[in-house]
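Each chain, written out:
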Amino acid sequence: MTAQPAPGAFDVWTRADGPLRHIDLHVPGISCAGCISKIERGVRALPGIVGARVNFTTRRLAVDWEDAALSADRIVATVTGLGFEVRPFAPEEAAKADDHGRTQELIRAMVVAGFAATNIMLLSISIWSGAAAATRDLFHAISAAIALPAVIYAVRPFARSAWSALRHGRTNMDVPICIGVALATGMSLYETLTRGAHAYFDGVTMLLFFLLIGRVLDSVMRDRARAGVAQLLKQTPRGALALMADGSTEWRPIDSVAPGMRVLVAAGERLPVDGIVEAGTGLVDRALVTGESAPEPVAPGDRVLAGTLSLDAALTVKTTAAGEATFIADLVRLMEAAEQSKSAYVRLADRVSRLYAPAVHLLAALTCAGWLIAGFGWHAALTTAIAVLIITCPCALGLAVPAVQVTAAGRLMKRGILLKDGGALERLAEVDIVMLDKTGTITRGRPVLDGIGGLAGDDAAAALALAQRSTHPLARALAAELAALGVAAAEVRDVREVPGCGVEGIVDGAAVRLGRPDWVDPAMPRVRDSGRLVTAVRRGGGDAALVRFRDELRPNAAAAIADLRDQGCDVAMLSGDRAEVAADVATSVGIRDWQAGCAPAAKVAAIAARQSAGRRVLVVGDGLNDGPALAAGHASMAPASASDVGQAAADLVFLGDGLDAVPAAVRLARRARRLVRQNIAMAVVYNAVAVPLAIAGVVTPLIAAVAMSSSSVLVIGNALRLRIGGGRA
Amino acid sequence: MTGLTLLIPLALVLGSAWLGVFLWTLRSKQYDDLDGAALRILDEDADRAP
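Residues numbered from 1 in each chain as written. Chains lettered and ligands numbered in written order. Predicted model: local features only at pLDDT ≥ 70, side-chain atom pairs only at ≥ 80, totals over all residues. Heavy atoms only, no water.

1. Structural notes on the overall build of chain B
Cut-off, in case you're wondering: Secondary structure elements follow DSSP: runs of H or I of four or more residues count as helices, runs of E of two or more count as strands, with numbering from the N terminus. To sort residues, take the accessible area from a 1.4 Å probe on protein chains only and compare it with the maximum for the residue type: under 20% means buried, over 50% means exposed, and anything in between is partly exposed. Residue burial considers only the protein chains on display, and all accessible areas are found by Shrake-Rupley using a 1.4 Å probe.
Scanning chain B from terminus to terminus reveals two helices and zero strands. Across the 50 residues of chain B, 24% fall into the buried class. Of the roughly 3800 Å² of accessible surface on chain B, a fraction of 70% belongs to carbon and sulfur atoms.

In structure tokens, the structure reads:
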């Protein structure tokens, strides 16, 4: 489909790698094992290719080749020829995507802490079971040798976060962790050097190991959610074919296209700039901007926007805005602003730790003071205070939330709902109003033939023949339906696509037209607006047959909306479509509160109005234009049929057609919230029991290790309850 | 007791070997495309060098 831009257009996106060149391409259409091998085999067949590898998770194709052998365009043309749409990955972006540094660092810290914890535990068990004197001292020394480097390595993620919190005058969960770890390690070292009886190396490494498991789980979930906003700009081409004053053409990167410049856009290409059409008439797919699937006709003088797709005609466009000034760049800014307000949300664990950290430190200080006053001397007072810090280290608390969220994510995954971030689950549990987009969310967003009406016999055969030659969505839907009905296409010749109107050709000596009703038969009333989902067929001078389409509702749409109301959520609809269509859909699914004709900014404003009135909004949408709205909602969901940007901006993505995934996700999120609260309550009870023991000075390393692991196991066990029961959640 | 002088270093060496191998798999990006790996197994002539 994508027409080829000028030669050399893709060279901008390559980078030299010694004698080789490298390019990263985004191929969004990769969906199966067959696609991977088809693309890799196709590219490797080219001369000079050193390596071609598809990363399925990120839908990226990385190619290395010998510089002289071929050009990047040839590779792109090959992949396009296999039927995949290709977009270049900017080299700096590709580098960014390679580095999911945070998760990698956490995983490394986790395995190091795990290694140290298991090995030290072996030594500790023999100490607990009676090793004494020289043996115990030796084992303590070996433990110290393992623990010291491991602790220094594994505590870094916590130390960094604690430090940045302290520098901003805040405290978080990581502050008591770091203080506890540092003091416990220091004291254990002192005990080891002075041949004392108690060293806490096992407890410290185990604590770090458990906490890092929680962090890794959380970070892995978050990684999937990244690279959202950057996707949107990828929809606009990175360069344009500029028409010079002397009539020659020149390929320019988008940075050097200035307003006033004339740009050529081939059929099937996305527009690189905002501008006014100077020459050419055709259909433009504006789904990117409006989210509505029906293409709109454009003629000289009409305004067109960057990122929209010219379907069937070559256009000459006079640039009015390029790059950062385009409408789509505005959309990106809207989304970024909305994302920022969302990141201000404080996760439950952090809210708990705001109270927790000061309380724990106060308790340890009081213990130390108490033991000093009671006259036990510095050593005893400090050891007891440190024991309090170790026993209160938020081990169970650190696992309480991620354990539940990962279990919930697994449960949702089975139900066909992908959760991208643990925080999203917490926000989803809080929503009290659901705002849905219409096209593609409540409805399926693809035209379905509303009965073939008067279309039969030779009319049908002729219509099929023409429809097969067109790329218009209505024509495609018609062709698919007629072919399914067993209609055989008629013999057609001289087929011509008339931009903005339809297709015409000659069947059995008679001219046949398929397309806009008023073009097919000038006697028909011009129905520009409501004609969007109507097409007509006319053979020779006969009567035109009208074919109507409708946008079908998603399965279970009405039931899902009723279910949401049962759970105490209000339901509203925001649509970019016209009022009549919106009203129709709203009544058929039982939504009373709806708004039509919303531009992306209007949707964001409507959402913001509810949020500032104290409501928590769940936004469900699919289009690129819903990106800002999805980012603005307290939580957001998108169907898997949504555009890349819609999916990237949403917190949850549901596979499958049924809208009942939305109430199911809300129900599970609320159940998860209950379990998280139970877990936190359990952690508090554990502390209520263990802290008095620690203050009394009876906590040995053995008791600390048992208490820590048993409370963690308890919390994880409670989280696993989410896997069972709960009916259809 | 004599066994310990052999067993403790042995346990540590084996443990470190495991740790090293895991870190190597992590660094060589074997966990980068887990979904893709699951699909590649379906490709019959995938026995070529990447």
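2. Here's the deal with unusual backbone geometry
Residues and elements named next belong to chain A. A positive phi angle, close to 55°, is found at R195, a residue other than glycine. Tracing the backbone through its elements, the reader meets R195 in the loop between helix 7 (174–193) and helix 8 (201–223). Of note in the backbone geometry, D508 takes a positive phi value of approximately 50° without being a glycine. Residue placement: D508 occurs in the loop between strand 19 (502–507) and strand 20 (510–515).

3. Here we look at the interface of chain B and chain A
To keep it simple, the criterion reads: Residue contacts follow a heavy-atom distance rule, with two residues in contact if any of their heavy atoms lie within 4.5 Å. Two parts lose some accessible area (1.4 Å probe) when they are put together, and adding that loss for both gives the buried area. Salt bridges are counted wherever a side-chain nitrogen of Lys or Arg sits within 4 Å of a carboxyl oxygen of Asp or Glu. Within 3.5 Å is the distance limit for a polar contact, defined as a pair of N or O atoms, with the added protein rule that one can donate a hydrogen and the other accept it, and that residues adjacent in sequence qualify only through two side-chain atoms.
Chain B puts 27 residues into the contact, and the matching count from chain A is 26 residues. Summing the contributions of chain B and of chain A, the shared interface buries around 2300 Å²; its carbon and sulfur component is 62%. Between the two partners, chain B and chain A, sit one salt bridge. The residue E40 of chain A makes a salt bridge to R40 of chain B at a minimum N-O spacing of 2.8 Å. Connecting chain B to chain A are two residue pairs in polar contact (both at pLDDT 80 or more). Those elements giving two or more residues to the side of chain B that touches chain A turn out to be helix 1 (2–27) and helix 2 (34–40) of chain B. The element that contributes the greatest number of residues to the side of chain B that touches chain A is helix 1 of chain B, accounting for 12 residues.

4. Notes on the nonpolar core
Which entries qualify depends on this criterion: In plain words, nonpolar cores are sets of buried Ala, Val, Leu, Ile, Met, Phe, Trp, Tyr and Cys residues tied together by side-chain atoms within 4.5 Å.
Residues L208, I391, L436, I591, L618 and M637 of chain A are the most contacted members of the largest nonpolar core, which totals 121 residues. In this view, L618 of chain A contacts L428, V431, I433, V434, M435, A635, S636, M637, V662 and V666 of chain A; residues no more than four positions away in its chain are not counted. Among the nonpolar cores identified, the runner-up in size contains 25 residues, and V43, L70 and F84 of chain A together with L39 of chain B belong to it.

5. Focus on the packing of helix 12 (residues 348–373) of chain A against helix 25 (residues 661–696) of chain A
All names here are of chain A. Defined as follows: Axis definition: a line fitted to C-alpha atoms, over the contacting stretch in the case of helices. Angles run 0 to 180 degrees between N-to-C directions. Small angles under 35 degrees read as roughly parallel and large ones over 145 as roughly antiparallel, with 65 to 115 read as roughly perpendicular and the rest as oblique. Asp, Glu, Lys and Arg are counted as charged, while Ala, Val, Leu, Ile, Met, Phe, Trp, Tyr, Cys and Pro are counted as nonpolar; the rest, among them Gly, fall into the polar class.
As a packed pair, helix 12 and helix 25 sit with axes 12 Å apart at the nearest point and diverge in direction by 5°. Of the possible angle classes, the one that applies to helix 12 and helix 25 is roughly parallel. Contacts between helix 12 and helix 25 pair L348, V352, Y356, L363, T367 and W371 from the former with V676, I680, N687, V691, I695 and A696 from the latter. Here the contact of helix 12 with helix 25 is composed, by residue class, of 10 nonpolar, two polar and no charged.

6. Re the sheet that holds strand 27 (residues 652–654) of chain A
Residues and elements named next belong to chain A. Here is the rule we go by: Paired strands are those between which DSSP finds at least two bridges.
The seven strands lie next to each other as 15-27-26-25-16-23-24, forming an open sheet whose pairing is mixed. Among the strands making up the open sheet, the edge pair consists of strand 15 (417–419) and strand 24 (593–595). Across this sheet, the average inter-strand angle for adjacent strands is 20°, counted without regard to direction. Alignment of strand 23 (residues 570–574) against strand 24, held across three bridges, turns out to be parallel. In the strand pairing of strand 24, M573 is matched with W594. Helix 21 (residues 579–589) contacts strand 23 and strand 24 of the sheet and is inclined by roughly 155° relative to strand 24.

7. What to know about the pattern of salt bridges
Evaluated as defined, the whole model comprises 20 salt bridges over all chains. Overlapping salt bridges bring together E40 and R44 of chain A together with R40 of chain B as one network.

8. Concerning the confidence of the model for chain A
Inclusion rule: Each residue carries a pLDDT score, the predictor's confidence in it, ranging from 0 to 100.
Averaged over every residue, the pLDDT of chain A is 80; the share at 70 or more is 87%. Low pLDDT, under 50, characterises residues 1–6 of chain A; the predicted model gives this stretch 20 contacts beyond four residues in sequence or across chains.

9. With respect to the packing of helix 6 (residues 156–167) of chain A against helix 7 of chain A
Residue and element names in this part refer to chain A. As a reminder, the rule being used: By definition, turning the near helix anticlockwise from the far helix through less than a right angle yields a left-handed crossing, and turning it clockwise yields a right-handed one.
As a packed pair, helix 6 and helix 7 sit with axes 8 Å apart at the nearest point and diverge in direction by 125°. Relative to helix 7, the element helix 6 lies oblique. Where helix 6 crosses over helix 7, the two elements pack in a sense that is left-handed. Residues F158, A159, S161, A162 and L166 of helix 6 form the contact with helix 7, whose participating residues are D174, V175, I177 and C178.

10. Some remarks on a positive patch on the surface
The following threshold applies: Excluding any residue in a salt bridge, patches collect residues exceeding 30% relative accessible area, merging like charges within 9 Å and nonpolar Val, Leu, Ile, Met, Phe, Trp and Tyr side chains within 5 Å. Counted as positive: Lys and Arg. Counted as negative: Asp and Glu. His and the chain ends are not counted at all. Where a charge sits is defined by one atom per residue type, namely NZ (Lys), CZ (Arg), CG (Asp) or CD (Glu).
A surface patch of like charges, here positive, comprises R170, R351, R354 and R677 of chain A. Here R354 of chain A lies in helix 12.

11. Details of empty space enclosed by the protein
Residue and element names in this part refer to chain A. Worth spelling out the cut-off: With a 1 Å grid spanning the protein atoms alone, the term cavity applies to any set of points in which a 1.4 Å probe fits but cannot get out, the term pocket to an open set with protein on both sides within 12 Å along at least five of seven lines, and the term lining residue to any residue with an atom within 4 Å of a point. Grid points are joined across faces, edges and corners, and a volume is the space filled by probe spheres set on the points.
According to the stated counting rule, one finds three cavities of 30 Å³ or more in the structure shown. Each pocket or cavity is described by its volume, and for the largest cavity that value is around 50 Å³. Lining of the largest cavity is provided by M435, L436, D437, L574, K603, I607, V619, V620, G621, D626 and A629. Take the lining of the largest cavity: its biggest share by element is three residues, from strand 16 (residues 433–437). Here the lining of the largest cavity is built from residues that sort into seven nonpolar, one polar and three charged.

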